Amino acid sequence: MAAAIACAVAAALLVLCPAWASAAAAVGEGRRLHTLFSVECGDYFDWQAVGLLHSLRKAGQPGGVTRLLSCAEDQLPSYRGLRIGHTLQVPSFSRHPRTGDWYPAINKPAGVVHWLKNSPEADNVDWVVILDADQIVRGPIIPWELGAEKGKPLAAYYGYLKGCDNILAQLHTAHPEFCDKVGGILAMHIDDLRALAPLWLSKTEEVRQDKSHWSTNITGDIYGMGWISEMYGYAFGAAEVGLRHKINDDIMIYPGYTPRPGIEPLILHYGLPFNVGNWSFSKLEHHDDGIVYDCNRLFPPPPFPREVEMMEPDPNVKRGLFLSIECINTLNEGLLLHHASVGCPKAQWSKYLSFLKSRRFSELTKPKYWTGEIVESTMIQHVALSKANRENPKIHTLFSTECSSYFDWQTVGLMHSFRLSRQPGNITRLLSCTDEDLKNYKGHDLAPTHYVPSMNRHPLTGDWYPAINKPAAVLHWLNHVQTDAEFIVILDADMIMRGPTTPWEYGAKLGHPVSTPYEYLVGCDNILAKIHTRNPSACEKVGGVIIMHIEDLRRFAMLWLHKSEEVRADKAHYATNITGDIYASGWISEMYGYSFAAAEINLRHIIRKDIMIYPGYVPIPGAKYKVFHYGLRFGVGNWSFDKADWRNADVVNTCWAKFPEPPDPSTIMQEDLEARERDLLSIECGRALNKALYLHHKRRNCPRLDTIQSTSSNKVERIARESSRSRNRGKSESMGSAREKTVERVAATIPPVHRSRRLARSSRMWIIAVWALSIIVFLLVISIFFTDRRRSASRSRVSRSMKAHV
């Protein structure tokens, strides 16, 4: 009887309280869920935490959320953010207690280990979701609904973790075949996490100490600094305990990337800079930003949805832009609510605040629910991706440089633009260096790099011709690197990418590469082609951007090198009227080597004028150029830029050094539309280079001192002016020693940072002294004036008194 009554009461409760019913069912089925994310003490992580916590609430994420706060003891007294969300304080591992190594990323596994050992929550949880702080969640992340199982955690795909395929995995795990390239989001059973967490921490320490294998070509870390050791610690730890992941390449997306058709990502990971039109955002620019504590201050608002609607005709690219603005708008909404919760006064009305509180924004950001597929393993995922993208083959981008400061700043510019361009596939810098140069070279971390023996000085002829490194490096890469890319995109270092440059957009196919016109290659029309190729009628005037099928490149690369050597040796035909080379010095022999080699095997190019433009040229109406090639001097008004002026200026290793800023676009004349478009493109190119340098210096932790910034940039600009004057003094020496000696002489005058500080202080002291002296003189004059007035008045009273007595 009692059992029947109990059953009836339970049934009534289930009917009356469906929420209780589902919660009870979840507990009964072992589905208690908890979300973790790791941060450190500081403003940088505080605004990220506010954004993530707000997005989790908005997305309806079930279960509790804990912020794992890693703080050193000396940080806690001054730390302002202890009340941001439910927090567990974790001892800081940023400075390793045993080795002294500074590596804050290790706080993530260390924090998870601490939570498992010390938090009562860990004893009352079945499933755990682990996120990064720099994420915005768009919908509930429920492990069992996303396909996670015990022994098979869910994770996002991190394809750049090369170390799973090479010696790194063989050194650091007994089961390299189980190494999965995953990260970003981790959803797993608590039992799996308990088995994994200690190994995650110890493997992270192990990889971090293995400095001999930090290089980019082994790890995929673009900085080559061991910064992603924690990610490898996770991958190797999971392999060690036999976890096989359900891998998903769509559940998380970086803003700025374009989602696959029909996919609604659940996580926006804003770890990279991104832009929408002229607006951009980079989390690194807000490293010391106390925006959480500045009442009603928000990040610069992105364009409104109706503006985005007009920006892009492609509906899928447009969806990517909408994701980008959603990311920042949600972050700003979180900041706004946080400010209100801590007692900030009501914010003044603005159009943007009205939008954030509107029904339109609420509709755009309502919770999304996963409808896509989950892949069982990395191998299966590669198959699935290739099936889903048969029309979009895999591509790889190459560019050639040398060991010098001149190519380093170009590399910084190209790599920054590559990340923003949404170019599919990976990129590799082909770095041609002598053994002697490599000993002193500082730029190993600027890009994923394949090292190539230098051909600057030809090993047989002794000819000095650095341009031949380009075909030599491509051939070396083909012979030494295994690639599954179907198409190769070859660029020059002095380029800025504005968008993806892909074979499917321009129609590249086997036997038909895509390239851009180089009309000055007049040697395709005269005796030069007849001498150097058996098929002169197939010689095409192309260069700059090359998109070629990998099989064509394998047949072509050796001929490209040989024909370059052949044309370079043909000094009898260096003349400008034969080659088009304005210096008549055989400098463009490599370009002819390309054209003649392609003619030799009858490659017929698809020539597109709308891919690349030289800044300073008038654009074709309606063309959407994907590449700037700043190989020539260009300018707007009194401002100009020539890459040759910066041949010896070390703007990469001089903190806050940059190029002269181009004019503001608002100052550009409106009447001549062609000239206006030309100038706007020139300004965009100049700004892109400076933005790349700024972010580079930011990543290098340059001190935030105005004196350093102004001093270094002014000095480097002076180098450029001196170099330009030297170059103009003699055409014959323009590419030789005259300019380089002048630049070196002036570059040597750059003082150390402390001298610039001393000069700045000296100037300020002089100004203060002059002001003080002026004030003293003024007061002295006023004092004398009033003293004379008093004396005059006194004499006047005495005189009247005497007259009265008389």
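Scoring rules and cut-offs
Residues numbered from 1 in each chain as written. Predicted model: local features only at pLDDT ≥ 70, side-chain atom pairs only at ≥ 80, totals over all residues. Heavy atoms only, no water. UniProt positions renumbered as here; feature names shortened; annotations may be inferred. Pairing = 2+ DSSP bridges. Helix = DSSP H or I, 4+ residues; strand = E, 2+ residues; numbered from the N terminus. Axes fitted to C-alpha atoms, helices over the stretch in contact; angles between N-to-C directions. Buried < 20%, exposed > 50% of the residue type's maximum accessible area, 1.4 Å probe, protein only. Contact = heavy atoms within 4.5 Å. Disulfide = S-S within 2.5 Å. Salt bridge = Lys/Arg side-chain N within 4 Å of Asp/Glu carboxyl O.

As annotated in an unreviewed UniProt entry, the chain is Hydroxyproline O-arabinosyltransferase-like domain-containing protein from Urochloa decumbens. Quoted verbatim from the Subcellular location (unreviewed entry) heading of the UniProt record, the comment on the chain is "Membrane".

**Q** Looking at this model, I keep getting lost on the sheet that holds strand 2 (residues 64-71). Mind explaining?
**A** Hydrogen bonds between backbone groups are what pair the strands of a sheet, and the pairing can be parallel or antiparallel. Across the sheet, which stays open at both edges, the 7 strands sit in the order 3-2-1-4-7-6-8 with mixed pairing between neighbours. Where the open sheet ends on each side, the last strands, each with one partner, are strand 3 (87-91) and strand 8 (246-248). Within the sheet, the average angular offset between the axes of one strand and its neighbour, ignoring direction, is 25°. The pairing of strand 1 (residues 33-40) with strand 2 spans 7 bridges and is classified as parallel. Residue pairing in the sheet places His-34 in a bridge with Gly-64 of strand 2.

**Q** When you look at the environment of Lys-509 in this model, what are you seeing that I'm missing?
**A** Tracing the backbone through its elements, the reader meets Lys-509 in the loop between helix 17 (503-506) and strand 18 (514-517). The class of Lys-509 is partly exposed, set by a relative accessible area of 48%. Separated by 39 residues in the primary sequence, Lys-509 and Met-548 place their C-alpha atoms 7.4 Å from one another. Residues contacting Lys-509, with those up to four places away along its chain left out, are Phe-487 and Asp-552.

**Q** Sorry if this is basic, but what is going on with unusual backbone geometry here?
**A** What is expected of a backbone is that most residues other than glycine have negative phi and most peptide bonds are trans. With a phi angle near 60°, Asn-602 is a residue other than glycine that sits in the positive phi range. In this structure Asn-602 comes out as partly exposed when scored by relative accessible area, which is 41%. Even without glycine at this site, Asn-701 takes up a positive phi of about 60°. Relative to the elements of secondary structure, Asn-701 occurs in the loop between helix 22 (673-699) and helix 23 (706-728).

**Q** What should I look at first to understand the pairing of strand 4 (residues 127-131) in this one?
**A** With respect to burial, strand 4 is a largely interior element, 5 of its 5 residues being buried. With 5 bridges connecting them, strand 1 and strand 4 associate as parallel partners. Bridged to His-34 within strand 4 is Val-128. One ladder, built from 4 bridges, connects strand 4 with strand 7 (residues 182-189); its direction is antiparallel. When the bridges of strand 7 are listed, Val-128 appears paired with Met-188.

**Q** Hey, could you run me through the state of the cysteines in this one?
**A** Defined simply, a disulfide is a covalent bond joining two cysteines at their sulfur atoms. Throughout the structure, instances matching the rule amount to 6 disulfides. Note on cysteine connectivity: Cys-41 is disulfide-linked to Cys-71, with sulfurs 1.3 Å apart. Torsion about the S-S bond of the Cys-41 and Cys-71 cystine: about 80°, corresponding to right-handed handedness. Taken together, the residues span a long stretch of sequence, with Cys-41 in the loop between strand 1 and helix 3 (43-59) and Cys-71 in strand 2 at a distance of 30 residues. Summarising the burial analysis for this pair, Cys-41 and Cys-71 share the class buried.

**Q** Would you mind showing me how to read the pairing of strand 7 here?
**A** It is a general feature of regular strands that their side chains alternate between the two faces of the sheet. Judged by how many residues are buried, strand 7 sits mostly within the fold: 8 of 8 residues are covered. Relative to strand 7, strand 6 (residues 154-157) runs antiparallel, the two being bridged by 4 bridges. The residue of strand 7 that forms the bridge with Tyr-157 is Val-182.

**Q** Explanation requested: the pattern of salt bridges in the structure shown.
**A** Close approach of charged atoms allows side chains with opposite charge to pair. Under the criterion given, the structure shown has 41 salt bridges. A salt bridge links Arg-67 to Asp-46; its shortest N-O distance comes to 3.8 Å. Separated by 21 residues along the polypeptide, Arg-67 in strand 2 and Asp-46 in helix 3 bring together distant segments of the chain. Each member of the pair Arg-67 and Asp-46 is classed as buried. Of the charged contacts, one joins Glu-149 and Lys-246 as a salt bridge, the two residues approaching to 2.9 Å between their closest N and O atoms. One end of the pair, Glu-149, is in the loop between strand 5 (135-137) and strand 6; the other, Lys-246, is in strand 8, and 97 residues separate them in sequence. Exposure remark for Lys-246: the relative accessible area of 6% places this residue in the buried category. Overlapping salt bridges bring together Arg-138, Glu-264 and Glu-326 as one network.

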